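The primary structure of each chain is shown beneath.
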Amino acid sequence: MIPIAFWRNRRRYYNLIGNKCKSCGKEYYPPVHICKKCGSKDLVDWEMPKEGKVISYTILLEPAEEFKPYAPIYLGLIELTNGVKVIGMLTDVRKEDIRIGMKVRATLRKLTEDRDGGQIFYGYKFVPVE
Amino acid sequence: MSRVFVASVGLVPIGDQWHKSISDLMVEAALKALDKCPWAKPDRIIVGNMFSGASSSQEHLGALLASCLGLKGVPAFKVEAACGSGGVAVHEGYVAVKAGLADVALVVGVEKMKDILTPQATKALAMAEHADYTQVVGTTFISLNALIMRYYMEKYGVTREEMAAFPIIAHKNAVTAPHAQFKRAITLQDVLNSPMISDPIRLLDSSPAGDGAAAVLLVSERYASKENLVEIIASEVANNYFLVVEREDPLFLEATYIALKRALDKTGLKITDIDFFEIHDAFTITAALSLETMGLSERGKAPRDALNGKFELNGEFPISTFGGLKARGHPVGATGVYQVAEAYLQLTDQAGPNQVKGAKYGLTHNFGALDITTAVHILKRVG
């Protein structure tokens, strides 16, 4: 993780801010420079809905170095209510309770921290909705 | 425009090459190919490689190889397209010869993966994805494939046991492949009992890390009368949207589909005319998705077809004839060059026990990340 690169995008990671095409209305996360549907370059930052459902998941036992202290990590492929798909960590859930179709909500959590005691990286994770 | 031929190949056995540096590996592969064609003097050198900077603190591989070979004045450079670097390197060599800019293009794929530790290699491999939006949430390349594998199994009702057909075929073919990393067969129980990496992907669902280098010597039609040539009749590269989550159907490999369609359209061939397929079986799931996208199986049916023998060496559509990425090995940036070299061996009857008898056409299929950059080559027996 490169601290400045994270800092540059922090608001996107905190609140799932992607963008939306002003011409055709298609929504994106991550944000795009040119609308893939209509080709417009006229896009505006747009916050994603926080609710969605798990369409796939994995239990990752061998994460990259930055995430080693948190292994195993649970990752979900989430379809948000606007149809946008995102990948994010699943938390506040037991491994055996994760299932396809489970309703989840994005929440702000600590992702990891700079190894040299520097920046703490916060971002979205998904928790189950009761 | 010139026709393009493979005149010779050089293969370094894949594995733990602690005693060889990245330049040693490149030079060994290059000399194996060049020594078979003393008449050939490279006027272009392309090196396919993904992460020599991270693995060996070494970049500038094209000029490094040229210099090691005692050459000056040659256009020599590295191309990078993640795990598709090798296929793209062959494509670049092909383009140069086709366009008449080169008569002898030396293409070398190389990767040094074992000088660094697994977490460092994991990080280097993750760079194939969009760093800002995958690495930050903890995704690795394997976990991305795991998400897709579960999605696939869920959607089509494919069982864990059925998925295991692919690594079993790959290992079976590697037993008699001199350059393969794992020359041993595996059983269903071996797959099911292997350590979990990213559920449902187990160790034996995943291609291994290894050091390797392969070379192919591409020549123009000026040398068409030479012995033991194989013609490259199509070389196509296509991209797909970078993030899997951006794709309408994450289980359809659109770059593969487009590159393959172009290759078939240009040659007038049907997919069923091809005699063997070196596919990008980096993971069990990528083998299934590749075969289904290519139209060799119906959607959701590739694992079942594999169990029924369709993709065995003596089956209807042989795949991974020397063990594929899974068992021959996947030194990432070198893999696409290994595949073309293997197709050359098949089409010159030098494949030994792995020979697909009477093969006339062979296809190679190599992609970077999950079908983000895909190179497809069709090779044809000469004479």
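Residues numbered from 1 in each chain as written. Chains lettered and ligands numbered in written order. Predicted model: local features only at pLDDT ≥ 70, side-chain atom pairs only at ≥ 80, totals over all residues.

Another aspect to go through is the overall build of chain B. Looking only at helices and strands, chain B has 14 helices and 11 strands in total. Over its C-alpha trace chain B gives a radius of gyration of 19 Å, about what one expects of a compact globule, namely 21 Å for 383 residues. Considering only C-alpha atoms, chain B reaches an extent of 55 × 45 × 40 Å along its principal axes. Classification of the 383 residues of chain B by burial places 62% in the buried group. Of the contacts made within chain B by residues no fewer than 6 positions apart, 78% connect residues no fewer than 24 positions apart. (Helix = DSSP H or I, 4+ residues; strand = E, 2+ residues; numbered from the N terminus. Rg over C-alpha atoms; globule rule 2.2 N^0.38 Å. Buried ≥ 20, exposed ≤ 12 C-beta atoms within 10 Å, placed from the backbone. Contact = placed C-beta atoms within 7 Å.)

Below, the discussion takes up the overall build of chain A. Regarding its fold elements, chain A presents two helices and eight strands. For chain A, the N- to C-terminal ordering of α and β elements is α-α-β-β-β-β-β-β-β-β. Put simply, chain A has 130 residues, and 35% of those count as buried.

As a further point, take the interface of chain B and chain A. On the side of chain A, 30 residues touch chain B, which itself brings 24 residues to the contact. Residue assignment for the side of chain B that touches chain A shows that the elements contributing at least two residues are helix H5 (118-126), helix H6 (141-156) and strand E5 (196-199) of chain B. Here the side of chain B that touches chain A gets six residues from one element, more than from any other, and that element is H6 of chain B. In this sheet, E5 of chain B lies alongside strand E4 (residues 51-60) of chain A in antiparallel orientation, the contact comprising two bridges. (Pairing = 2+ DSSP bridges.)

On to the sheet that holds strand E7 (residues 212-220) of chain B, then. All names here are of chain B. Spatially, E3-E2-E4-E7-E1-E8-E11-E10-E9 is the arrangement adopted by the nine strands of the open sheet, whose pairing is mixed. Two strands lie at the open edges of the sheet, namely strand E3 (76-79) and strand E9 (276-278), each paired on one side alone. This sheet shows a mean twist of 25 degrees between the axes of neighbouring strands, independent of strand direction. Its contacts with the sheet place helix H10 (residues 254-267) against strand E8 (230-239), strand E10 (361-368) and strand E11 (373-381), and it is angled at close to 145 degrees to E8. (Axes fitted to C-alpha atoms, helices over the stretch in contact; angles between N-to-C directions.)

With that settled, consider the sheet that holds strand E1 (residues 17-21) of chain A. Residues and elements named next belong to chain A. Here three strands make up an open sheet; going across it, the order is E2-E1-E3 and the pairing antiparallel. Either end of the sheet is taken by a strand with one partner, and the two such strands are strand E2 (27-28) and strand E3 (43-47). Of the strand pairs in this sheet, E1 and E2 are connected by two bridges, and their pairing is antiparallel. When the sheet's bridge partners are listed, asparagine 19 is paired in E2 with tyrosine 28.

This paragraph deals with H6 of chain B. All names here are of chain B. Spanning 16 residues, H6 covers 23 Å between terminal C-alpha atoms, matching the ideal 22 Å at 1.5 Å per step. Summarising burial for H6: 12 of the 16 residues are buried, a large majority. Those residues of H6 lying buried are Phe141, Ile142, Ser143, Leu144, Asn145, Ala146, Leu147, Ile148, Met149, Arg150, Tyr152 and Met153. (Expected span 1.5 Å × (residues − 1).)

Let's shift gears to the environment of arginine 105 of chain A. Residues and elements named next belong to chain A. Checked against the element boundaries, arginine 105 lands in strand E7 (residues 103-113). For arginine 105, a count of 15 C-beta atoms within 10 Å translates into the label partly exposed. Sequence separation between arginine 105 and proline 72 is 33 residues; the distance between their C-alpha atoms is 21 Å. In contact with arginine 105, other than residues within four places in its own chain, are Lys50, Glu51, Phe126, Val127 and Val129.

Attention shifts here to unusual backbone geometry. Cis geometry marks the peptide bond from tyrosine 29 of chain A to proline 30 of chain A, where omega comes out at 0 degrees. For proline 30 of chain A, the position within the fold is in the loop between E2 and E3. Note the cis peptide between alanine 71 of chain A and proline 72 of chain A, where omega equals -5 degrees. For proline 72 of chain A, the position within the fold is in the loop between E4 and strand E5 (73-80). We note that aspartate 92 of chain A has phi near 55 degrees; this positive angle belongs to a residue other than glycine. Along the polypeptide, aspartate 92 of chain A turns up in the loop between strand E6 (85-89) and E7. Phi is positive for asparagine 228 of chain B, which is not a glycine, with a value near 55 degrees. Looking at the secondary structure, you find asparagine 228 of chain B in the loop between E7 and E8.

All names here are of chain B. By domain assignment, chain B separates into domain 1 (4-116 + 210-223) and domain 2 (140-206 + 234-381). If you look at the interface, domain 1 gives 34 residues, while domain 2 gives 31 residues. Looking at the side of domain 1 that touches domain 2, the elements with two or more residues in it are strand E1 (4-11), helix H4 (85-98), strand E4 (104-111) and E7. Among the elements that make up the side of domain 1 that touches domain 2, the one with the highest residue count is H4 (eight residues). When its residues are assigned to classes, the side of domain 1 that touches domain 2 shows 21 nonpolar, 11 polar and two charged. (Domains from an automatic or database assignment. Nonpolar A, V, L, I, M, F, W, Y, C, P; charged D, E, K, R; others polar.)

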